[in-house]
Amino acid sequence: MRKNYTKNDIMKLVEDEDVEFIRLQFTDIFGNLKNMAVTVSQLEKALDNKCMFDGSSIEGFARIEESDMYLYPDFSTFEIFPWRPQQGKVARLICDVYKSDGTPFGGDPRYILKCAIEEAENLGYVFKVGPECEFFLFNTDENAMPTTNTHEQAGYFDLGPVDFGENARRDMVLTLEEMGFVVESSHHEIAPAQHEIDFRYDEALVTADNIMTFKLAVKTIAKRHGLHATFMPKPKSGVNGSGMHINMSLHKDGKNIFADENDKNGLSKEAYYFIGGIIKHMKGMTAVFNPLVNSYRRLIPGFEAPVHIAWSVTNRSPLIRIPGTHGEGTRIELRSPDPTANPYLALAVCLRAGLDGIVNKIMPPESVDCNIFEMSDEQKKNLGIEEIPATLNEAIYEMEKDDLIREVLGDHTYTKYIRAKKAEWHSYRSQVTEWEINEYLNKF
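All values reported here derive from a predicted model rather than from experimental measurement.

Details of the overall build of the chain
- Of regular secondary structure, the chain possesses twelve helices and 17 strands.
- Taken along the three principal axes of its C-alpha coordinates, the chain extends 70 × 55 × 45 Å.
- Across the 444 residues that make up the chain, the buried fraction comes to 52%.
- Contacts in the chain between residues at least 24 apart in sequence constitute 70% of all its contacts with a sequence separation of at least 6.
- Carbon and sulfur atoms make up 48% of the accessible area of the chain, which amounts to about 20800 Å² in all.
- The distance from the centre of the 49 positive side-chain charges to the centre of the 68 negative ones in the chain is 2 Å.

Some points on the nonpolar core
- Phe214, Leu250 and Met399 are the most contacted members of the largest nonpolar core, which has 119 residues in total.
- If sequence neighbours within four positions are ignored, Leu250 has contacts with Tyr125, Val126, Phe127, Lys255, Asn256, Ile257, Phe258, Phe274, Leu351, Leu355 and Ile358.
- Among the nonpolar cores identified, the runner-up in size contains five residues, and Val368, Ile372, Met375 and Ile385 belong to it.

A look at the packing of aromatic side chains
- Summed over the entire model, instances satisfying the criterion amount to 17 aromatic pairs.
- Seen from their ring centres, Phe199 and Phe214 are 5.5 Å apart, and the 45° between their planes marks the pair as tilted. With Phe199 in strand 9 (residues 194-199) and Phe214 in helix 5 (residues 204-224), this residue pair connects regions lying 15 residues apart in the sequence. In this structure, Phe199 and Phe214 share a single accessibility class: buried.
- When the ring of Tyr440 is compared with that of Phe444, the centres are 6.1 Å apart and the planes differ by 55°; the resulting orientation is tilted.
- Ring pairing ties together the aromatic residues Phe135, Phe181, Phe199, Phe214 and Phe231, which thus form one cluster.
- One Lys or Arg, Lys421, reaches over the ring of Tyr417 and ends 5.8 Å from the middle of that ring.

Brief notes about the packing of helix 6 (residues 269-289) against helix 11 (residues 403-429)
- In the contact formed by helix 6 and helix 11, the axes pass within 12 Å of each other and the chain directions differ by 30°. Regarding helix 6 and helix 11, the two cross each other, and that crossing is left-handed. Along its contact with helix 6, which presents His281, Gly284, Met285, Ala287 and Val288, the element helix 11 presents Leu404, Ile405 and Tyr417.
- Of the residues contributing to the contact of helix 6 with helix 11, the split by class is six nonpolar, two polar and no charged.

Section: helix 11
- In this model, helix 11 (27 residues) spans only 27 Å end to end at C-alpha, well below the 39 Å of a helix rising 1.5 Å per residue.
- Along its length, helix 11 reaches its greatest deviation from straightness, about 115°, at Gly410.
- Within helix 11, the full set of buried residues consists of Leu404, Ile405, Val408, Leu409, Thr413, Tyr414, Tyr417, Ile418, Ala420, Lys421 and Trp425.
- Buried residues along helix 11 sit against helix 3 (109-122), helix 6, helix 8 (343-359) and helix 10 (392-401).
- Measuring from the side-chain oxygen of the N-cap residue of helix 11 to the backbone nitrogen of Leu404 gives 3.0 Å; that N-cap residue is Asp402.

Examining unusual backbone geometry
- Positive phi, close to 65°, is recorded for Ala144, a residue that is not glycine.
- Summarising the element assignment, Ala144 is placed in the loop between strand 7 (126-139) and helix 4 (166-178).
- According to the relative accessible area criterion, Ala144 is exposed, its value standing at 51%.
- Positive phi, normally seen in glycine, also occurs at Asp253, with a value near 55°.
- Tracing the sequence through the fold places Asp253 in the loop between strand 12 (244-252) and strand 13 (255-256).

A closer look at the pairing of strand 8 (residues 183-188)
- Inspection of the sheet shows strand 8 paired to strand 9 by five bridges, in the antiparallel sense. Each residue of the ladder has a partner; that of His187, found in strand 9, is Glu196.
- A loop of five residues connects strand 8 with strand 9, the two strands running antiparallel in sequence, and Ala193 in this loop sits at a positive phi of about 75°.

About the thresholds
- Residues numbered from 1 in each chain as written.
- Predicted model: local features only at pLDDT ≥ 70, side-chain atom pairs only at ≥ 80, totals over all residues.
- Heavy atoms only, no water.
- Helix = DSSP H or I, 4+ residues; strand = E, 2+ residues; numbered from the N terminus.
- Buried < 20%, exposed > 50% of the residue type's maximum accessible area, 1.4 Å probe, protein only.
- Contact = heavy atoms within 4.5 Å.
- Areas by Shrake-Rupley, 256 points an atom, 1.4 Å probe, with all protein chains shown as cover.
- Lys, Arg positive; Asp, Glu negative; His and termini not counted.
- Charge placed at Lys NZ, Arg CZ, Asp CG, Glu CD.
- Core = buried A, V, L, I, M, F, W, Y, C linked by side-chain atoms within 4.5 Å.
- Phe/Tyr/Trp six-rings, centres within 6.5 Å; stacked < 30°, edge-to-face > 60°.
- Lys NZ or Arg CZ within 6 Å of the ring centre and 35° of its normal.
- Axes fitted to C-alpha atoms, helices over the stretch in contact; angles between N-to-C directions.
- Left-handed = near helix turned anticlockwise from the far one by under 90°.
- Nonpolar A, V, L, I, M, F, W, Y, C, P; charged D, E, K, R; others polar.
- Expected span 1.5 Å × (residues − 1).
- Bend = angle between axes of the 7 residues up to and from the residue.
- Polar contact = N/O pair within 3.5 Å; in protein donor to acceptor, adjacent residues only side chain to side chain.
- Pairing = 2+ DSSP bridges.

Here is the structure:
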C-alpha cells in the first residue's frame, strides 16, 4: 500500500533510518530502469524538484539542444532497499521527468500512462492490474558473467531439492514483502530454471512502478545467490519462453464493473466492449507488448504462448482468457505480453484500447472455447481467427497502421520507438546465424 508521505516525512525517515544515499529512478522508453544517486545532503534539493540531468544521454529521450531535464520525485514511492547495508542505507524515489519549462516531458513513459489513467478517470473508471512475471535463473561463469546453463531439470510446480532455485526465489519473495509487496504466489515454471512470482493487483500506475521494482529486486537477489536472473523472453530454444500475463479490471464507485452475474459468462457489457477494443488494436499493440527480436521466438505454436487473436472463458489457447473467478474477482487476462515490455507503455495502450472499445461499443467476436492449437488453418479462417505479428518487423508495420497507438504514445515516443525498433530489426537481419551456417554451408 502506497503511503502519502510529505517532504517532511521523508526528511525525518531518512534521518531516523540512517539513510545515506537516495536513488532517483526513472524509466526510459524501452523499459530500462535508470537512476541518479544523491547523498542525504542533496535530498532537500531533490525533493524540491531541482535535480537536473542530461536527457540527451538517455536513448530515445531528447536532442542535445533541449536536453536539460528535471526529476520530480513521487513521494509515495519512497522505499529503503533491504539488500543494501544497514548502516548508511540506500533508498529510492521513483520520479517523473519534466522539461526545463516546468511541463511534463512527453517521452516519459510514466507520464504516458498517467495520461491514459486520466482519460479513464474522466469516464469514471479506475484501472486495476495484476501481472504474472516469469523469469529464468541461470548459472554464471567464473567471471560472474551470465550464461544460459543450468543443472536443474525441475518442471511445473516442482520443489526442492529438484528445484535448485528455490532458496533464491524464497529470498526474493521475502525481500519483496519487506518492500511492501503482497506476494500471492511463487512457483517453479514449466521449463528447467524458469520461475514465476505473482504479486497482488493494484491501480495501474502502482503496478507499473512495482514491475520495475520487482525486476530490480529479482536480479539483485539472484546475483547474491551466484545466479543470473533474466527476463529475456526466449533464452533457450526447445523450451517454453517467459511471459508477463496482464490481468485487468475496471472499477467504478468501488465496484468491479466487468462483473455481471446475470450474464452467461459473468461479464458486463463494458467487459465485452473492453475485449472488443483489445482485439481491434491487438496487432498494433504487439510491438509494445513484445518489443524485442527475441520476443517472437516465444510466440510460436507448441510452447503454450498465445498467438491467435481470440478470447475464451474455458481454455488458455487464445490471446485473451477470462479466469474462473467471478464477482469482484472478474478480470480479463491478456497472455501475449512478455516481461521485456515497458510496463508503463504496455498498460497505457491496453487501457486506451479497452476504453476505445467501451466508448465505441465494439463487441468482440464469439468466444472460442476449444483448443485453437489443434485447429486446421481452414477452421481458423472460417472462424475469422487471425494471428498476431510473427516478427518484430511485422509488428512495427502494424503499429504504424494504428492511429490510436500513435495517439497514446505521443509523437515523440512513437517516432523514437519505431525508429529504434526498425534499426534493431535491420541489425538482426544483417547477421548470419550459426543455424544458417550449420544448415547451408555444407549443402551449397
